[in-house]
Amino acid sequence: MRGRQLAGAEALESYMATFKTYYFYEDSYYRYPLYDPDFLFGTTVYKKGAWVLHMLRHLGTDDDFFAMLREYVEDDSDGLVTTEELISVAEGYYGGRGSLDDFFEQWVYMAGYPEYEVMLWNEETSDGWLCHVQLSQVQDYSDDITPEVFSTPVDLELATAGGAVAVVFDNDRRVDEQAFSVPSAVTGLNFDPDGWLLYKLLNSDAPVVVFTAAPGEDGVLVAWSIAVPYTHLRA
């Protein structure tokens, strides 16, 4: 957090990307939950722990986040603090009792992170353009400690001829599709553009499909074509 204050958002993003790399390396051969960890001094505790706070920050405002941290520390300034106490304090700033159950269950009490495959296609309708985005979570959850689905908002930036369109995909299913109104056909996708989510993106070269549906004498005429790969996609 201090990296953002001292050197700006780009420095923080770079700092967190380094943490992600360290965590992914350990997780590739030894996966365990952040809570009651198998290895107290592992990168899961320190690097993923930092990512959990980073993602929690993005769920609300900076003012609420830093006020929550101050209250959490000050309440037990002379003793030990616990995860349960953090949750209790955080709920006061993030929607009340139970509002963070899913967040802490999947990121702290369970293990791993979401692995995504993404598809998108454009639909030209009589009311304008729609961009359909399909997110598939493909992480292996057979170990019983990795969630089948991580319920989390995903920031997306859709590239169009008229400029970028920022949207939020509220993902809560293994395979999930949502449509977004755009001024023209989308030609590229920037996934998590500001680096707020801990994840892996497994496909970065799938094509963008242009799908056109228009009324005709014999019903609805449907045409489709391949536009361009995700030339602007960044993971």
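Here's a quick rundown of the structure. Just so we're clear, the structure is a prediction, and the values are computed from it rather than from any experiment.

Further remarks concern the overall build of the protein. Scanning the protein for helices and strands turns up 6 helices and 9 strands. Looking at the protein as a whole, 41% of its 235 residues are labelled buried. Counted over contacts in the protein with a minimum sequence separation of 6, partners at least 24 positions apart contribute 60%. Surface exposure of the protein reaches about 12,500 Å², of which carbon and sulfur atoms provide 52%.

The 3 strands lie next to each other as β4-β3-β6, forming an open sheet whose pairing is antiparallel. A strand with exactly one partner marks an edge of an open sheet, and here the two such strands are β4 (163–171) and β6 (186–191). On average, each strand axis in the sheet is tilted by 30° relative to the strand beside it, whichever way the strands run.

We now examine a nonpolar patch on the surface. Where nonpolar side chains cluster on the molecular surface, the patch consists of Y25, Y29, Y30, F39, L40, F41 and Y46 and spans about 850 Å² of accessible area. Among the secondary structure elements, Y30 is positioned in the loop between α2 (9–29) and α3 (43–58). According to the relative accessible area criterion, Y30 is partly exposed, its value standing at 32%.

With that out of the way, let us pick up helix α4 (residues 62–75). Over its 14 residues, α4 runs 20 Å from end to end, which matches the ideal 20 Å to within 8%, given 1.5 Å per residue. If you check which residues of α4 are buried, you get F65, F66, A67, M68 and Y72.

Further remarks concern the packing of α4 against helix α5 (residues 83–91). Put simply, α4 and α5 touch, their axes get as near as 9 Å, and they point 135° apart. With respect to each other, α4 and α5 are oriented oblique. Crossing of α4 against α5: the hand is right-handed. Between α4 and α5, the contacting residues are M68, E71, Y72 and D75 on the first element and E85, L86, V89 and A90 on the second. Grouping the amino acids of the contact of α4 with α5 by side-chain chemistry returns 5 nonpolar, no polar and 3 charged.

What counts and how
- Residues numbered from 1 in each chain as written.
- Predicted model: local features only at pLDDT ≥ 70, side-chain atom pairs only at ≥ 80, totals over all residues.
- Heavy atoms only, no water.
- Helix = DSSP H or I, 4+ residues; strand = E, 2+ residues; numbered from the N terminus.
- Buried < 20%, exposed > 50% of the residue type's maximum accessible area, 1.4 Å probe, protein only.
- Contact = heavy atoms within 4.5 Å.
- Areas by Shrake-Rupley, 256 points an atom, 1.4 Å probe, with all protein chains shown as cover.
- Pairing = 2+ DSSP bridges.
- Axes fitted to C-alpha atoms, helices over the stretch in contact; angles between N-to-C directions.
- Patch = residues over 30% accessible without salt bridge, like charges linked within 9 Å, V, L, I, M, F, W, Y side chains within 5 Å.
- Salt bridge = Lys/Arg side-chain N within 4 Å of Asp/Glu carboxyl O.
- Expected span 1.5 Å × (residues − 1).
- Parallel < 35°, antiparallel > 145°, perpendicular 65-115°, else oblique.
- Left-handed = near helix turned anticlockwise from the far one by under 90°.
- Nonpolar A, V, L, I, M, F, W, Y, C, P; charged D, E, K, R; others polar.

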